[in-house]
Amino acid sequence: MNHPTERKIVSANIHIIDACNYRCRFCFSRDLCHHGHMGAESWKPILTDMIVNRGIRKINFAGGEPFLHPDLMECVRHCKQLGATTSVITNGSLLEPDDMNAMSGVLDWIGFSIDSCFESTEVALGRHTSNIQHIRNVVRLSKAAHDAGIHVKLDIVVTGQSANDDFRRIIDMMDPERVKFMQVTRVNGVNDDGFLETRIDDMMFDDVIDRHRDIVLRSGKHPVFERSDDIIDSYLMLDPLGRIR
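Residues numbered from 1 in each chain as written. Predicted model: local features only at pLDDT ≥ 70, side-chain atom pairs only at ≥ 80, totals over all residues. Heavy atoms only, no water.

## Some words on unusual backbone geometry
Logical step 1: Here the amide bond leading from Gly-63 into Gly-64 is cis, since omega sits at 10°, within 30 degrees of zero.
Logical step 2: Take Gly-64: it is sitting in the loop between strand S2 (58–62) and helix H2 (72–81).
Logical step 3: Within the chain, Asp-175 stands out as a residue other than glycine whose phi angle is a positive 50°.
Logical step 4: The residue Asp-175 is located in the loop between helix H6 (168–174) and strand S6 (178–183) in this model.
Logical step 5: With relative accessibility at 30%, the residue Asp-175 sits in the partly exposed group. (Helix = DSSP H or I, 4+ residues; strand = E, 2+ residues; numbered from the N terminus. Buried < 20%, exposed > 50% of the residue type's maximum accessible area, 1.4 Å probe, protein only.)

Okay, structure coming up:
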């Protein structure tokens, strides 16, 4: 039995694949080659147990880039059929606006990540692929998601290269229901080199907070700000092989 003061975990992050087609310098996943992942038939019993038996009410699929997984939408559909809120965080590079209509009614939330207001900075940070302008792409996908009835959230990873950016315009263009500003974080032994190139100190992040704290989103909420040393205890995290991280 949980202690009355304990926080009940109701959300799970499923890192369904560790491969990614982007090369974000600070990220833990910068390799197109995956290191093992499970198919839908292996995931379904795990997802069922979490939703039916463990009280998990929201399932967020992440990566790597989750749309590289061939069974992603089958897993999302399974969670939705069991009554869970469904969410995917993606770089959007493998999607077209028409895909939003296909996911409508199955996917509740779609999240996009950006690191800067400028395409040139995104390219320098590795958030791009050939023939895709990342910011322009996520803006058009956000509009398509709204039109399809899918909620939009935006994760902004603040680095030394973007600490002076004003993100109001991109937020206005994407019109998300949720926005989270995250201070770039070190994962020891994984992204050490990229972190050293992109890190910002707490005072710089405080300035980002001060410049954006008064933004009001379409949901009526304000952005959330997450420091690199924040302790995240509100969700369960599973790796591509279904192991708790």
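Read on, since the account is not over.
## Structural notes on the environment of Leu-47
Logical step 1: Position of Leu-47 relative to the elements: it lies in helix H1 (residues 40–53).
Logical step 2: According to the relative accessible area criterion, Leu-47 is buried, its value standing at 0%.
Logical step 3: Leu-47 sits 12 residues away from Ile-59 along the chain, and the two C-alpha atoms are 8.5 Å apart.
Logical step 4: Residues within four places of Leu-47 in sequence aside, it is in contact with Ile-14, Ile-59, Phe-61, Cys-75, His-78 and Cys-79. (Contact = heavy atoms within 4.5 Å.)

## Examining the packing of H1 against H2
Logical step 1: As a packed pair, H1 and H2 sit with axes 10 Å apart at the nearest point and diverge in direction by 25°. Here H2 runs roughly parallel to H1, going by the angle between their axes. Judged by the sense of rotation from one axis to the other, the crossing of H1 with H2 is right-handed. In contact with Ala-40, Glu-41, Trp-43, Lys-44, Leu-47, Thr-48 and Ile-51 of H1, H2 contributes Glu-74, Cys-75, His-78 and Cys-79. (Axes fitted to C-alpha atoms, helices over the stretch in contact; angles between N-to-C directions. Parallel < 35°, antiparallel > 145°, perpendicular 65-115°, else oblique. Left-handed = near helix turned anticlockwise from the far one by under 90°.)

## Quick notes on H1
Logical step 1: With 14 residues, H1 extends 19 Å from end C-alpha to end C-alpha; this agrees with the ideal 20 Å at 1.5 Å per step.
Logical step 2: Those residues of H1 not exposed but buried are Ala-40, Trp-43, Leu-47, Met-50 and Ile-51. Buried residues along H1 cover an arc of 90° about the axis, so they all sit on one side. Facing away from the buried side of H1, by more than 90 degrees, are the exposed residues Glu-41, Pro-45, Val-52 and Asn-53.
Logical step 3: In the segment just after H1, Gly-55 is the residue with positive phi, at about 80°. (Expected span 1.5 Å × (residues − 1). Arc of directions from axis to C-beta.)

## Looking at the packing of aromatic side chains
The geometry of two aromatic rings is summed up by the distance between their centres and the angle between their planes.
Logical step 1: Counted according to the given criterion, the structure contains 2 aromatic pairs.
Logical step 2: Taking 5.7 Å as the distance between ring centres and 80° as the angle between the ring planes, the aromatic pair formed by Phe-167 and Phe-181 counts as edge-to-face. In this pair, Phe-167 is assigned in the loop between strand S5 (151–158) and H6 and Phe-181 in strand S6, connecting sequence segments 14 residues apart. Taken individually, Phe-167 and Phe-181 each receive the classification buried, so the pair is uniform in this respect.
Logical step 3: Ring centres of Phe-181 and Phe-225 lie 5.1 Å apart, and the angle between their planes is 20°; on these two criteria the pair is classed as stacked. Placement of Phe-181 in strand S6 and of Phe-225 in strand S7 (residues 224–226) is noted, with a sequence separation of 44 residues between them. (Phe/Tyr/Trp six-rings, centres within 6.5 Å; stacked < 30°, edge-to-face > 60°.)

## Quick look at the pairing of strand S1 (residues 11–15)
Logical step 1: The element S1 is extensively covered by neighbouring structure, given that 5 of its 5 residues are classed as buried.
Logical step 2: Where burial is concerned, the two faces of S1 agree: the one with Ser-11, Asn-13 and His-15 and the one with Ala-12 and Ile-14 are both buried.
Logical step 3: Relative to S2, S1 is paired through 5 bridges, and the arrangement is parallel. Bridge assignment links Ile-14 to a residue of S2, and that residue is Phe-61. (Pairing = 2+ DSSP bridges.)

## A word on the confidence of the model for the protein
Logical step 1: Looking at the protein as a whole, the pLDDT averages 87, with 86% of positions reaching at least 70.
Logical step 2: For the protein, helix H7 (residues 192–198) is the element with the lowest average pLDDT, namely 59, and H2 is the one with the highest, namely 98.
Logical step 3: Segment residues 1–5 is flagged for pLDDT under 50; beyond a separation of four residues in sequence, or across chains, it makes 0 contacts in the model. (pLDDT = per-residue confidence, 0-100.)

## What to know about the pattern of salt bridges
Logical step 1: All chains considered together, the criterion is met by 16 salt bridges.
Logical step 2: In this structure, the salt-bridge partner of Arg-127 is Asp-115, at a minimum N-O distance of 2.6 Å. Residue Arg-127 is located in the loop between helix H4 (119–125) and helix H5 (134–147), and its partner Asp-115 is located in the loop between strand S4 (109–114) and H4; the two are separated by 12 residues in the primary sequence. The same class applies to Arg-127 as to Asp-115, namely buried.
Logical step 3: Its salt-bridge partner being Arg-168, residue Asp-166 comes within 4.0 Å of it at the nearest N-O pair.
Logical step 4: Overall, Asp-166 belongs to the partly exposed group, its relative accessible area being 45%. (Salt bridge = Lys/Arg side-chain N within 4 Å of Asp/Glu carboxyl O.)

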